[in-house]
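One-letter residues, chain by chain:
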Amino acid sequence: MIEFENVFKEYGNKVIALSNINLKIPKGDFVFLVGPSGAGKSTMIKLLIREEQVTRGRILLNDTDITKIRKTRIPKLRRDVSVVFQDYRLLDKKTVFENIAYALEIQGESKSTIKRSVAYALDLVNLSHKEACYPHELSGGEKQRVSIARAIVNRAPVLVCDEPTGNLDQETAWEIMKALTKINEEGTTIIMATHAVEIVNKIQRHVVSLSNGQIVSNVERGGYYEDI
Ligand code: ADP
């Protein structure tokens, strides 16, 4: 369970990006954060991975207030809350397998664990046949699926995605959604910031709409413009 409690975020330039956000995200949920550009979606995601810090309020991950954890504990937080960005952020000189294995290597996992975990992650995104390829040999949709595999290889209980389909055409975006739906069905909580109205409307899951840093609608199962 994730809980935002009276969360405010003001950036250094006095821009109030979030104003009194209260939101509960149950374990296993699939929640879309929607709203116009500048509404505060990315800021919510950055707070969840502690790329930014709240100005006021609490963010609970199970029973831990992640706004209070020390800087040295942030890498541990990122093993619980992993992230997928719009622009993939793959390492060009590493193969698909190596990109996904990298974090596990740094953690000192054994070769056999790494092999098993990478195979599991690649299977979930349907890319087992591409493990020896380099990023430049992949399509945009495939690159994004590799970045999703990299994010889930640790089996983090929470996956946050910032506009994961933002650079992709409609058809490819659905490949990504298929992968994310499968990951959610395996038990991972997914929080996805998006502009993709068609996707949100079709999937009919938890939709939180933001406008000017505030939640203007919160529907358990719905589409983009419901209740606004
Ligand atoms: P969204 O993801 O919905 O487009 P953001 O969370 O990126 O919205 O931005 C919310 C508000 O905060 C906007 O007014 C934006 O200009 C501002 N903002 C975002 N990041 C920064 C930053 N690093 N410094 C100053 N202002 C920022």
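Residues numbered from 1 in each chain as written. Predicted model: local features only at pLDDT ≥ 70, side-chain atom pairs only at ≥ 80, totals over all residues. Heavy atoms only, no water.

The next thing to look at is the pattern of salt bridges. Applying the stated rule across the entire model yields nine salt bridges. Among the ionic pairs, Lys24 bridges to Glu3, the shortest N-O distance being 4.0 Å. In this pair, Lys24 is assigned in strand S2 (residues 16–25) and Glu3 in strand S1 (residues 2–10), connecting sequence segments 21 residues apart. Judged by relative accessible area, which is 18%, Glu3 ranks as buried. Between Asp80 and Lys76 there is a salt bridge, with the nearest N and O atoms lying 3.4 Å from each other. With Asp80 and Lys76 both in helix H2 (residues 74–80) and four residues apart, this pair spans about one turn of that helix. Taking relative accessible area as the criterion, Asp80 reaches 25% and is therefore assigned partly exposed. Lys76 gets classed as partly exposed once you look at its relative accessible area, which sits at 38%. (Salt bridge = Lys/Arg side-chain N within 4 Å of Asp/Glu carboxyl O. Helix = DSSP H or I, 4+ residues; strand = E, 2+ residues; numbered from the N terminus. Buried < 20%, exposed > 50% of the residue type's maximum accessible area, 1.4 Å probe, protein only.)

What follows covers the layout of surface pockets. Over the atoms a probe the size of a water molecule is rolled, and this reveals where empty space is left. If you add up the space inside the largest pocket, you get close to 590 Å³. Arg78, Val83, Ala103, Arg150 and Asn154 are the residues nearest the centre of the largest pocket, which is lined by 19 residues in total. Taken together, the elements giving at least two residues each to the lining of the largest pocket come down to H2, strand S6 (81–84), helix H3 (96–106) and helix H5 (140–152). When grouped by side-chain class, the residues that make up the lining of the largest pocket number ten nonpolar, four polar and five charged. (1 Å grid on protein atoms, 1.4 Å probe; cavity = no way out; pocket = protein on both sides within 12 Å on 5 of 7 lines; lining within 4 Å. Points joined across faces, edges and corners; volume = space filled by probe spheres on them. Nonpolar A, V, L, I, M, F, W, Y, C, P; charged D, E, K, R; others polar.)

The geometry of H3 relative to helix H4 (residues 111–124) is characterised by a closest axis approach of 10 Å and an angle of 125° between their N-to-C directions. Comparing their axes, H4 and H3 come out oblique. When you trace H3 past H4, the crossing you get is right-handed. Here Val96, Phe97, Ile100, Ala101, Leu104 and Glu105 of H3 lie close against H4, whose contacting residues are Ile114, Lys115, Ser117, Val118, Ala121 and Leu122. Across the contact of H3 with H4, the residue classes break down as nine nonpolar, one polar and two charged. (Axes fitted to C-alpha atoms, helices over the stretch in contact; angles between N-to-C directions. Parallel < 35°, antiparallel > 145°, perpendicular 65-115°, else oblique. Left-handed = near helix turned anticlockwise from the far one by under 90°. Contact = heavy atoms within 4.5 Å.)

Take the environment of Lys68 next. Relative to the helices and strands, Lys68 is located in the loop between strand S5 (64–65) and H2. Separated by 15 residues in sequence, Lys68 and Gln53 have C-alpha atoms that sit 9.4 Å apart.

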